[in-house]
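What follows is the residue order along each chain.
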Amino acid sequence: MRPEDLLCPSPKGLYSPAGDFHVDPTRAVPRAVITHAHSDHARPGHGQVLATRETLDLMAIRYGAGFAGSVQEIAYGERLAINGVSVSAHPAGHVLGSAQIRLERHGLTIAVSGDYKDAADPTCVPFEPVRCHVFVSEATFGLPVFRHPDAMSETHKLLRSVRIFPERTHIVGAYSLGKAQRMMALMRAAGHGAPLYVHGALTAITDYYVGRGIALGDIRPVKGEARAAFAGAIVIAPPASMTDLWARRFADPITCFASGWMRVRARARQRGVELPLVVSDHADWDGLTAAIRATGCEELWVTHGAEDALVHWAQSRQIRARPLRMVGYGEEDEEAAPAAPAAP
C-alpha cells in the first residue's frame, strides 16, 4: 500500500482516500478528525467530527453546541476503525486535549502531528512520540536559529519586573487558548500567589481549564475592578487587545508578549513590546528534530512553517522528505505564522 492511498494533500486539507475522511480540514467536509481546538485546525460546519473530549468541549465553547452535525470522542491510546482504517489519538503536548492522529491500514502507519511541543507544560498531557512509517510534522519554528529558552526562566523574568516596578500594571499578551492558561500555571509554579486578572475573552476557556482540574489559583476578570486594583498586578489578555482602548484603564502599563516569535527582536519592536517573553507552544528546532528521530519514520512530510529547512535536515539523514505546501494554518494561532529566516 502506498502512503498516498492512506493519506494525501487535497484542496480541503489532508485527506484519507482509504478512510474517506479529512484531518484538520480547512473547509467544511462530511467527516473530520481534529487534532486540537485552535481555529486554524478546528473549523465549524463539518458533518461529523472525531476528536478528544477536551477538543470537542473547547470547540463547543468557541463555536456553540451545534458546531458540527455529530461528534464522537476518542481517548488517548484508543483505536477506532473508520472504513477499514485504524485511527488512534496520542498526546501532542500543544494545548489541552491536543492530539497526534495515527492512521494504520495493511501494516502501513502514518502519524499526523497537528501542532506539538516536547517542552514541559503543566496544563496538558506531555508529548509522546508515535512510531510510524510516515510522520507528518508541522515546522512553525523549523529553522536552526529557533531554540527556545526554558519557559520557567522567562516566567521569572516577568516576576522580577513586577518586583522592580510594583506600581505598574504588567499586561501579558497571550493567545486565549493554551498560552494564557499555561502562563497562569507557570506563574503559580514560580510562587506568584497574587490574583491574576484576565480579559473577558479568556474567561470561558480559563474556566474550562479549571473545571478539568488545572490549578490556576485566584483568577479575576478585569471588568468591574477599580483602576487602583491593577497597580502592581499582572493582567493577561489577547495580544490584539493590548493596543486598543481596553488597555488604557491600567496604571502606566508595561506591555509583555508570550510567544516563540519574541526570540526575534524585530517582531518585539514592531509590536511595541517592552518585555518579550519567549514562551512557545510549538516545538523549536531541537524539539522538531528530536521528535522526528523518535518516530523512527522512513519518510517525513512537512505541512506548514519553515518546510524547506526541515526537509533538507531529514534528507541529509537518509529520511525521505517533502514539503506539502499546505495553506490555511496559522490564521488564528499567533505563533503559527510561517517562520521567516530572520536572525534572532
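Visitor: Please explain the overall build of the protein chain as it appears in this structure.
Guide: Counting its regular elements, the protein chain contains 8 helices and 19 strands. A globule of 344 residues ought to have a C-alpha radius of gyration of about 20 Å, and the protein chain, at 20 Å, matches this closely. Principal axes of the C-alpha set define a box for the protein chain whose edges measure 65 × 45 × 30 Å. Within the protein chain, the proportion of its 344 residues that are buried is 57%. A sequence separation of at least 24 residues applies to 60% of the contacts in the protein chain between residues at least 6 apart. Element-wise, carbon and sulfur atoms account for 53% of the exposed surface of the protein chain, whose accessible area totals about 13400 Å². Each charge class in the protein chain was averaged separately, 36 positive and 36 negative side chains, and the resulting centres sit 3 Å apart.

Visitor: Can you help me understand the environment of proline 30 in this one?
Guide: With respect to the helices and strands, the residue proline 30 is situated in the loop between β3 (21–23) and β4 (31–33). For the pair proline 30 and glutamine 48, spaced 18 residues apart in the sequence, the C-alpha separation amounts to 6.0 Å.

Visitor: What should I look at first to understand the packing of helix α2 (residues 53–63) against helix α5 (residues 203–211) in this one?
Guide: Any two packed helices are characterised by how steeply their axes cross, that is the angle between the axes, and by the distance between the axes. One way to put it is that α2 packs onto α5 with a least axis distance of 10 Å and a crossing angle of 155°. One way to sum up the angle between α2 and α5 is to call them roughly antiparallel. Between α2 and α5 lies a crossing whose hand is right-handed. Contacts between α2 and α5 involve Arg53, Glu54, Asp57, Leu58, Ile61 and Arg62 from the first element and Ala204, Ile205 and Tyr208 from the second. Classifying every residue of the contact of α2 with α5 by side-chain character gives 5 nonpolar, no polar and 4 charged.

Visitor: What is the right way to read the packing of aromatic side chains from this model?
Guide: To describe a pair of aromatic rings, you give the distance between the ring centres and the angle between the ring planes. Throughout the structure, instances matching the rule amount to 8 aromatic pairs. Here tyrosine 116 and phenylalanine 127 contribute two aromatic rings whose centre-to-centre distance is 5.1 Å and whose plane-to-plane angle is 20°, an arrangement assigned as stacked. You can see tyrosine 116 sitting in the loop between β10 (108–112) and β11 (134–139) and its partner phenylalanine 127 sitting in the loop between β10 and β11, a full 11 residues away along the chain. Judged by relative accessible area, tyrosine 116 falls into the buried class, the value being 0%. When the ring of tyrosine 197 is compared with that of phenylalanine 230, the centres are 5.1 Å apart and the planes differ by 80°; the resulting orientation is edge-to-face. Taken together, the residues span a long stretch of sequence, with tyrosine 197 in strand β13 (residues 196–198) and phenylalanine 230 in the loop between β14 (219–221) and β15 (234–237) at a distance of 33 residues.

Visitor: What am I meant to see in the sheet that holds strand β7 (residues 79–82) here?
Guide: Paired through their backbone hydrogen bonds, the strands of a sheet run either parallel or antiparallel. Pairing is mixed across the open sheet formed by 7 strands, whose spatial order is β7-β8-β9-β10-β11-β18-β19. The strands lining the two open edges of the sheet, one partner per strand, are β7 and β19 (320–323). In this sheet, neighbouring strand axes are inclined to one another by 20° on average, regardless of whether the strands run parallel or antiparallel. Of the strand pairs in this sheet, β10 and β11 are connected by 3 bridges, and their pairing is parallel. Residue valine 112 lies in a different strand from β11, and its bridge partner there is valine 136.

Visitor: Is there a simple way to think about the sheet that holds strand β17 (residues 275–277) in this case?
Guide: Taken in spatial order, the 6 strands line up as β14-β13-β15-β12-β16-β17 in an open sheet, and their pairing is parallel. Of all strands in the sheet, those bounded by a partner on one side alone are β14 and β17. For this sheet, the mean angle separating the axes of adjacent strands, direction not counted, is 25°.

Visitor: I tried to follow unusual backbone geometry on my own but got confused; where do I start?
Guide: A positive phi angle is found at aspartate 20, which is not glycine, with a value near 55°. Within the secondary structure, aspartate 20 is located in the loop between β2 (13–16) and β3. Of the residues examined, aspartate 20 reaches a relative accessible area of 32% and is grouped as partly exposed. You will see that arginine 325, though not glycine, has its phi angle at about 55°, which is positive.

Visitor: Teacher, can you tell me more about the pattern of salt bridges here?
Guide: Pairing is possible between side chains of opposite charge, provided their charged atoms come close. Overall, the coordinates contain 20 salt bridges when judged by the stated rule. Residues aspartate 286 and arginine 147 are paired through a salt bridge, measuring 3.0 Å at the closest nitrogen-oxygen approach. Taken as a pair, aspartate 286 in helix α7 (residues 285–295) and arginine 147 in the loop between β11 and α3 (151–164) lie far apart in primary sequence, 139 residues in all. On the accessibility criterion, aspartate 286 (38% relative accessible area) is partly exposed. Judged by relative accessible area, arginine 147 falls into the partly exposed class, the value being 39%. Through salt bridges that share partners, Lys117, Asp121, Arg182 and Asp281 make up one connected network.

Visitor: Sorry if this is basic, but what is going on with the side chain of lysine 179 here?
Guide: Mapping lysine 179 onto the fold places it in helix α4 (residues 179–189). A distance of 3.2 Å separates a polar atom in the side chain of lysine 179 from the backbone oxygen of alanine 258.

Visitor: Is there a simple way to think about the nonpolar core in this case?
Guide: Counting 44 residues, the largest nonpolar core has Ile234, Ile236 and Leu277 as its most contacted members. Here the element with the most residues in this core is α4; it accounts for 6 residues. In this view, isoleucine 236 contacts Val172, Ala174, Ala180, Met184, Met187, Tyr197, Val198, His199 and Leu202; residues no more than four positions away in its chain are not counted.

Rules behind the numbers
- Residues numbered from 1 in each chain as written.
- Predicted model: local features only at pLDDT ≥ 70, side-chain atom pairs only at ≥ 80, totals over all residues.
- Heavy atoms only, no water.
- Helix = DSSP H or I, 4+ residues; strand = E, 2+ residues; numbered from the N terminus.
- Rg over C-alpha atoms; globule rule 2.2 N^0.38 Å.
- Buried < 20%, exposed > 50% of the residue type's maximum accessible area, 1.4 Å probe, protein only.
- Contact = heavy atoms within 4.5 Å.
- Areas by Shrake-Rupley, 256 points an atom, 1.4 Å probe, with all protein chains shown as cover.
- Lys, Arg positive; Asp, Glu negative; His and termini not counted.
- Charge placed at Lys NZ, Arg CZ, Asp CG, Glu CD.
- Axes fitted to C-alpha atoms, helices over the stretch in contact; angles between N-to-C directions.
- Parallel < 35°, antiparallel > 145°, perpendicular 65-115°, else oblique.
- Left-handed = near helix turned anticlockwise from the far one by under 90°.
- Nonpolar A, V, L, I, M, F, W, Y, C, P; charged D, E, K, R; others polar.
- Phe/Tyr/Trp six-rings, centres within 6.5 Å; stacked < 30°, edge-to-face > 60°.
- Pairing = 2+ DSSP bridges.
- Salt bridge = Lys/Arg side-chain N within 4 Å of Asp/Glu carboxyl O.
- Polar contact = N/O pair within 3.5 Å; in protein donor to acceptor, adjacent residues only side chain to side chain.
- Core = buried A, V, L, I, M, F, W, Y, C linked by side-chain atoms within 4.5 Å.

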